[in-house]
Amino acid sequence: MSFPQPDQPPRHAADFALREVTKHYNGVSALKDVSLSFAAGSTTALIGGSGAGKSTVLRLLLGLDWPDTGTVTAWGEALQRDRLLALRQRVGYVIQEGGLFPHLTALGNLALQPRYLGWEAERIRQRAHELAELARLPIDVLTRYPAELSGGQRQRVALMRGLMADPGALLLDEPLGALDPIVRHELQDELKRIFSELGKTVIVVTHDLAEAAWFADRLVLLRDGHVVQDGRYEDLLDRPADDFVRAFTHAQRALPGGAA
Ligand SMILES: Nc1ncnc2c1ncn2[C@@H]1O[C@H](COP(=O)(O)OP(=O)(O)OP(=O)(O)O)[C@@H](O)[C@H]1O
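Small disclaimer: the values here were computed from a predicted structure and weren't measured. (Residues numbered from 1 in each chain as written. Predicted model: local features only at pLDDT ≥ 70, side-chain atom pairs only at ≥ 80, totals over all residues. Heavy atoms only, no water.)

**Remarks on the overall build of the protein**
Then, in step 1: When helices and strands are counted, the protein shows 9 helices and 10 strands.
Then, in step 2: Taking 260 residues into account, the globule formula puts the C-alpha radius of gyration at 18 Å, and the protein, at 18 Å, falls close to it.
Then, in step 3: Across the protein, every contact between residues at least 6 apart in sequence was considered, and the portion connecting residues at least 24 apart equals 68%.
Then, in step 4: Summed over its atoms, the accessible surface of the protein is roughly 12000 Å², and 51% of this surface lies on carbon and sulfur atoms.
Then, in step 5: The centroid of the 29 positive side-chain charges in the protein is displaced by 2 Å from the centroid of its 33 negative side-chain charges. (Helix = DSSP H or I, 4+ residues; strand = E, 2+ residues; numbered from the N terminus. Rg over C-alpha atoms; globule rule 2.2 N^0.38 Å. Contact = heavy atoms within 4.5 Å. Areas by Shrake-Rupley, 256 points an atom, 1.4 Å probe, with all protein chains shown as cover. Lys, Arg positive; Asp, Glu negative; His and termini not counted. Charge placed at Lys NZ, Arg CZ, Asp CG, Glu CD.)

**Here's the deal with the nonpolar core**
Then, in step 1: Counting residues in each nonpolar core, the largest one holds 46 residues, and the members touching the most others are Ile 47, Leu 159, Met 160, Leu 170, Leu 172 and Leu 219.
Then, in step 2: Lining this core are residues from two domains, each supplying at least three of them: domain 1 (8-90 + 169-246) and domain 2 (101-166).
Then, in step 3: Setting aside anything within four residues of it in sequence, one finds Leu 159 in contact with Val 94, Leu 170, Leu 172, Leu 191 and Ile 194.
Then, in step 4: Within the second largest apolar cluster, 28 residues are counted, among which are Ala 14, Leu 18, Leu 46 and Leu 60. (Core = buried A, V, L, I, M, F, W, Y, C linked by side-chain atoms within 4.5 Å. Buried < 20%, exposed > 50% of the residue type's maximum accessible area, 1.4 Å probe, protein only. Domains from an automatic or database assignment.)

**Observations regarding the environment of Val 227**
Then, in step 1: Residue position: Val 227 is located in strand β10 (residues 226-231).
Then, in step 2: Sequence-distant contacts of Val 227, defined by excluding residues within four places in its chain, comprise Val 34, Leu 36, Val 220, Leu 221 and Leu 222.

**So, the pairing of strand β7 (residues 169-173)**
Then, in step 1: By the criterion of burial, β7 is predominantly enclosed, with 5 of the 5 residues buried.
Then, in step 2: The pairing of strand β6 (residues 91-95) with β7 spans 5 bridges and is parallel. Across the sheet, residue Tyr 93 finds its bridge partner in β7, namely Leu 171.
Then, in step 3: Inspection of the sheet shows β7 paired to strand β8 (residues 201-205) by 5 bridges, in the parallel sense. (Pairing = 2+ DSSP bridges.)

**Here we look at the site of the ligand**
Then, in step 1: Taken together, 14 residues lie near the ligand, and Ser 50, Gly 51, Lys 54, Ser 55 and Thr 56 sit nearest.
Then, in step 2: One nitrogen or oxygen atom from the main chain of Gly 51 is found 2.8 Å from an oxygen atom belonging to the ligand.
Then, in step 3: Between an oxygen atom of the ligand and a side-chain N or O atom of His 207, the distance comes to 3.1 Å.
Then, in step 4: Coverage of the ligand by the protein chains reaches 64% of its 640 Å² of free accessible surface.
Then, in step 5: Taken together, the elements giving at least two residues each to the shell around the ligand come down to β2 (28-38) and α1 (54-61).
Then, in step 6: When residues of the shell around the ligand are assigned to their parent elements, the largest contribution, 4 residues, is made by α1. (Near = heavy atom within 4 Å. Polar contact = N/O pair within 3.5 Å; in protein donor to acceptor, adjacent residues only side chain to side chain.)

**Description of the layout of surface pockets**
Then, in step 1: The computed volume of the largest pocket comes to approximately 590 Å³.
Then, in step 2: Lining the largest pocket are 21 residues, and of these Arg 88, Val 91, Tyr 93, Gln 113 and Arg 161 sit closest to its centre.
Then, in step 3: Elements supplying a minimum of two residues to the lining of the largest pocket: α2 (84-89), β6, α3 (106-116) and α5 (151-163).
Then, in step 4: Element by element, the count of residues in the lining of the largest pocket is highest for β6, at 5 residues.
Then, in step 5: When residues of the lining of the largest pocket are assigned to domains, at least three map to each of domain 1 (8-90 + 169-246) and domain 2 (101-166). (1 Å grid on protein atoms, 1.4 Å probe; cavity = no way out; pocket = protein on both sides within 12 Å on 5 of 7 lines; lining within 4 Å. Points joined across faces, edges and corners; volume = space filled by probe spheres on them.)

**Thoughts on the sheet that holds strand β5 (residues 77-78)**
Then, in step 1: As summarised here, the arrangement of the 4 strands in space is β2-β1-β4-β5, forming an open sheet in which the pairing is antiparallel. Of all strands in the sheet, those with a lone pairing partner are β2 and β5, marking the two edges.
Then, in step 2: With 2 bridges joining them, strand β4 (residues 69-74) and β5 adopt antiparallel strand pairing. Note on β5: the bridge partner recorded for Ala 74 is Glu 77.

**Quick look at the side chain of Thr 206**
Then, in step 1: Here Thr 206 shows up in the loop between β8 and α7 (209-215).
Then, in step 2: Side-chain polar atoms of Thr 206 contact the side chain of Glu 211, separated by 3.1 Å.
Then, in step 3: Residues contacting Thr 206, with those up to four places away along its chain left out, are Leu 46, Ile 47, Gly 48, Lys 54, Glu 174, Arg 184, Glu 211 and Ala 212.

Right, dumping it as structure tokens:
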């Protein structure tokens, strides 16, 4: 197993795959025979209703959960339990509401992984400033605690934290779900720009079809642990795989300010 090591440039984008993966939680079926691959450098949106299995896909890719059957690969190699730390150092993970530690300043949150990796304070400061520029976050915000930040600022810091060690991939689970519509719209633009500037493999979970289409060329629609359609936004709209896809796109398009 040879995941790229954290301090070895250049940073390679990851390719990921789930092959014939099944996952249950206490008898509840979360994924049923799912096969998906994600090309290095691509941006994919996982969409679907609540409980469809979207977050489970991300957790399996990070080795936070393990499949009952089937295999999960990253950088072309099967995940191994004794190599998970190396994997997680190579993959940025951003969750809804950021998951920042409240007792640490923004900079303290950003410094956690780099300190663990043995970075000097100056290197951490420089990287934080570089990412603040990328995320368009004023530098003085870095000295504040999460409770002193707006929701949008918290999400920017969470994204920066995911990027500190320059991972080869970013997995984002409803990164904008907790934001009001105006901030969400602004951050959608910012994230799209950041994804294209960084050229990393990005997998983003969202309930929102329009947001998915904005971020990604490829949309994977899940329902009850199955992939029901995998394609472009236009394919889902113009060539829905079944009545569920039609109903899903129609329901979202019918919302005020929705996809269409
Ligand atoms: N730790 C767990 N224990 C028990 N059941 C779980 C656990 N994690 C997920 N599940 C179940 O697995 C199924 C898939 O969950 P998952 O979180 O992947 O869905 P999701 O599509 O991300 O949903 P949401 O959009 O609501 O976050 C659901 O039925 C969920 O209740």
